[in-house]
Amino acid sequence: MHIISYRRLREFNKQHGDSLVPLDSWYKIASKANWKNLIDVQSVFPQAEAVGNFTVFNIKGNKYRLIVSIDYERQLIYIKYILTHAEYDKRCDPALCVAVSFRAA
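Residues numbered from 1 in each chain as written. Predicted model: local features only at pLDDT ≥ 70, side-chain atom pairs only at ≥ 80, totals over all residues. Heavy atoms only, no water.

Remarks on the sheet that holds strand S5 (residues 76-84)
Then, in step 1: Strand order across the open sheet formed by five strands is S1-S5-S4-S3-S2, with mixed pairing between neighbours. Both edges of this open sheet fall to strand S1 (2-4) and strand S2 (49-51), since each of them pairs with a single strand only. Taken over all neighbouring pairs, the strand axes of this sheet differ in orientation by 35 degrees on average, direction set aside.
Then, in step 2: The pairing of strand S3 (residues 54-59) with strand S4 (residues 64-71) spans five bridges and is antiparallel. Across the sheet, Asn58 pairs through a bridge with Arg65, a residue of S4.
Then, in step 3: Against the sheet, helix H1 (residues 6-15) contacts S1, S4 and S5, and its axis sits at roughly 15 degrees relative to S5. (Pairing = 2+ DSSP bridges. Helix = DSSP H or I, 4+ residues; strand = E, 2+ residues; numbered from the N terminus. Axes fitted to C-alpha atoms, helices over the stretch in contact; angles between N-to-C directions. Contact = heavy atoms within 4.5 Å.)

Here's the deal with the nonpolar core
Then, in step 1: One finds Trp26, Trp35, Phe57, Leu66, Val68, Ile77 and Ile79 to be the most contacted residues of the largest nonpolar core, which totals 21 residues.
Then, in step 2: For this core, the secondary-structure elements that each account for two or more residues are H1, helix H2 (20-32), S3, S4 and S5.
Then, in step 3: A total of four residues in this core trace back to one element, the largest contributor, which is S4.
Then, in step 4: The contact partners of Ile77, leaving out residues within four places of it in the chain, are Met1, His2, Ile3, Ile4, Trp26, Ala30, Trp35, Val68, Ser69 and Ile70.
Then, in step 5: Membership of the second largest hydrophobic core comes to six residues, among which are Phe54, Ile67, Leu83 and Tyr88. (Core = buried A, V, L, I, M, F, W, Y, C linked by side-chain atoms within 4.5 Å. Buried < 20%, exposed > 50% of the residue type's maximum accessible area, 1.4 Å probe, protein only.)

Encoded structure:
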């Protein structure tokens, strides 16, 4: 998979220094993957879940949430948001418990 963009991971790490190792580990695994669907993703990251049009990964024991859009056909991962769990809870629209939308901070 080609990941767009690693820059977002680096920027997040500047404010959350303890995220470097787990995000870098996710990046290395995901960039070598050849996922065809969410089931493939969950075979490597069992806690990954589809939320609306996004895939949400729990990072560092669920301390952080990595929200991405995956284009399986093109083998692309677009990093949309990296949030603390508290930020994720604030930005999720509680009225849409299945199809979560993310509001601008």
